[in-house]
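Tertiary structure, described
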Amino acid sequence: MARIAVGGFRHGTNSFAPTLATYEEFERGSGWPPLTRGETLFAAMAGCNLALSGLIDEARTLGHYLVPTLWAAAGASGPVTRDAYERIAGMLLEDIAEQGPFDAVCLDLHGAMAAEHLEDGEGELLRRLRAIAGPDLPVVATLDRHANVTPAMVRHASALVAGRTFPQIDRAETGRRAARHLDALLRGSRAMRAGFRRLPFLIPLIGSCTLAGPGAAIIGLLRSLETGPVASLSFAAGFPAADVADCGPSLLGYGADQAAVDAALERLAGEIVGREAEWAGGRPLDPDAAVTAALKLAQGAARPVLLADVQDDPGAGGTGDTMGLLKALLRHGAEDAALGLVYDPHVATVAHRCGEGADIAVCLGGKHGVAGDSSLDATFTVEALADGRFACTGPVYGGARMELAPIACLRIGGVRVVVAGKRVQAADQAMFRHVGIEPARETILALKSAVQFRADFGPIAAAVLLTAAPGAAVADPAKLPFTRLRPGMRLGPMGPAFGGGGMVGGG
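All values derive from a computational prediction rather than experimental measurement. (Residues numbered from 1 in each chain as written. Predicted model: local features only at pLDDT ≥ 70, side-chain atom pairs only at ≥ 80, totals over all residues. Heavy atoms only, no water.)

Thoughts on the sheet that holds strand S7 (residues 193–198)
The three strands lie next to each other as S7-S9-S8, forming an open sheet whose pairing is antiparallel. In this open sheet, the two edge strands, each paired with only one partner strand, are S7 and strand S8 (230–236). Each adjacent strand pair in this sheet contributes to an overall mean axis angle of 10°, direction not counted. Across the sheet, helix H9 (residues 258–274) lies against S7, S8 and strand S9 (250–255), angled at about 20° from S7, the strand it touches most. (Pairing = 2+ DSSP bridges. Helix = DSSP H or I, 4+ residues; strand = E, 2+ residues; numbered from the N terminus. Axes fitted to C-alpha atoms, helices over the stretch in contact; angles between N-to-C directions. Contact = heavy atoms within 4.5 Å.)

Some remarks on the sheet that holds strand S5 (residues 139–143)
Spatial ordering of the open sheet is given by S2-S3-S1-S4-S5-S6, a layout of six strands whose pairing is mixed. Looking along the sheet, the strands with just one partner apiece sit at the ends: strand S2 (36–37) and strand S6 (159–162). Strand direction decides the pairing type here: S2 and strand S3 (residues 65–73), joined by two bridges, are antiparallel. Bridge pairing links Arg37 to Leu70 in S3. Here helix H4 (residues 82–99) sits on the sheet in contact with strand S1 (3–10), S2, S3 and strand S4 (104–109), set at roughly 175° to S3. Here helix H5 (residues 121–133) sits on the sheet in contact with S1, S4, S5 and S6, set at roughly 165° to S4.

Focus on the nonpolar core
Among the nonpolar cores identified, the biggest contains 108 residues, and Phe9, Leu160, Tyr397 and Phe432 are the most heavily contacted of them. Among the elements that take part in this core, H4 stands out by supplying eight residues, more than any other. If we skip the residues at most four places from it in the chain, Leu160 touches Leu126, Ala141, Leu143, Val149, Met153, Val154, Ser234, Leu252 and Tyr254. (Core = buried A, V, L, I, M, F, W, Y, C linked by side-chain atoms within 4.5 Å. Buried < 20%, exposed > 50% of the residue type's maximum accessible area, 1.4 Å probe, protein only.)

Examining the pattern of salt bridges
Within this structure, the stated rule accounts for 30 salt bridges. The salt bridge partner of Lys448 is Asp309, with a shortest N-O separation of 2.8 Å. Residue Lys448 is located in the loop between strand S18 (444–447) and helix H14 (454–457), and its partner Asp309 is located in strand S10 (residues 305–309); the two are separated by 139 residues in the primary sequence. The two residues Lys448 and Asp309 agree in class, both being buried. Ionic pairing is found between Lys448 and Asp312, a salt bridge with its closest N-O pair at 2.7 Å. Here Lys448, found in the loop between S18 and H14, pairs with Asp312, found in the loop between S10 and helix H11 (324–331); they are 136 residues apart in sequence, far enough to count as distant. (Salt bridge = Lys/Arg side-chain N within 4 Å of Asp/Glu carboxyl O.)

Below you can see the structure in the form of structure tokens.
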């Protein structure tokens, strides 16, 4: 039995988003458990589709004794504030230092965290951990599917294990894989040879979906190559809205034989680059074209047509309150439509104060200064109110207990709008059912999510249309004003190459 410190510190940083990740955002927790420290960490993780949850369950099954430290996660946004980073990293490292010695440390990280004062949040965290733990202690970390892996992260960790699926239904399984890898190291495995490859182009979030196309093929290839002397392989697709030098996709491998690890990574890299054009993921429609197409597709359909508001995805740094798609639905007279989730705690509070059945004149959304977006100044009918506390039922959130109060269902014309007091992407049908909307019965469902929604909503859909209303989660990386990327990095599959100093040259 080994004594293992476990914890997590997660944030995906969109450098171009208008809001920062403050300490208070980690305290609130968005769609995941709020900041938790000590023994309560185990209860907070129980039953969730999180890497730390799977890691805890698997490590206990393998007979290890776990010491909880800290869990902190905030929804994707602009950089983590210096105050939040230093306070949370300080608490985590303090717990590890004071509760040791340990036989190992295992952490749930995102891999694309930047702070106001640091480009590489995880690399710096692991560097500080190494200074405490020493050079030989096994340190294993899980990473998000969209990690921007850095040389410092690879150097200071014994192993990094990234999620594979997008929608991210395998978070808990990623934790279990990490626990098994750590267990093997503790039992004398020689799988310490590391390989790391960075790939030459950014992958849009909508292009990194693994339900079909190159994403699905790479998962199959990873599994086939992860055998014999190759103990662990990961493909991190990168978080393409991060203006940092190490932004972009990468490959990681660990094994007992360096040549075998390197050969597996070369095979994977060849497959990914050889299918470069396929990673684009399609071109989203403008809101009017998307709604027009949805109305046509919905005629006679027995299931709803889904409209994905991809550029206001809170999971990618969207503010969750842009009004472009809602305004298009109203312009075209959509009926039996529902849209969610709109982040506007003020409007949700007004709805609760006035009560069900009331007509309220409010300015909904548009409160974060997103270019091309504005509030919807209108009168809504309060159709339903709820406390915002419910358990998710879909495969992405996997039993997570939501705390979205206040939450309300408002009606305007033929559209019902779910307005919440916390910012979270619409990736679970329970978010609508909680306020009396049965998603499968709607004609059109408009969802603030880029890809995660497909896991729970895809099976009930007649069709899925991607739409690009103005938002902070810009779908095409080539449209972002990068200044810090590595020169030569292509700004999307087959895209132009970044030339440094904010200039873009031909690629």
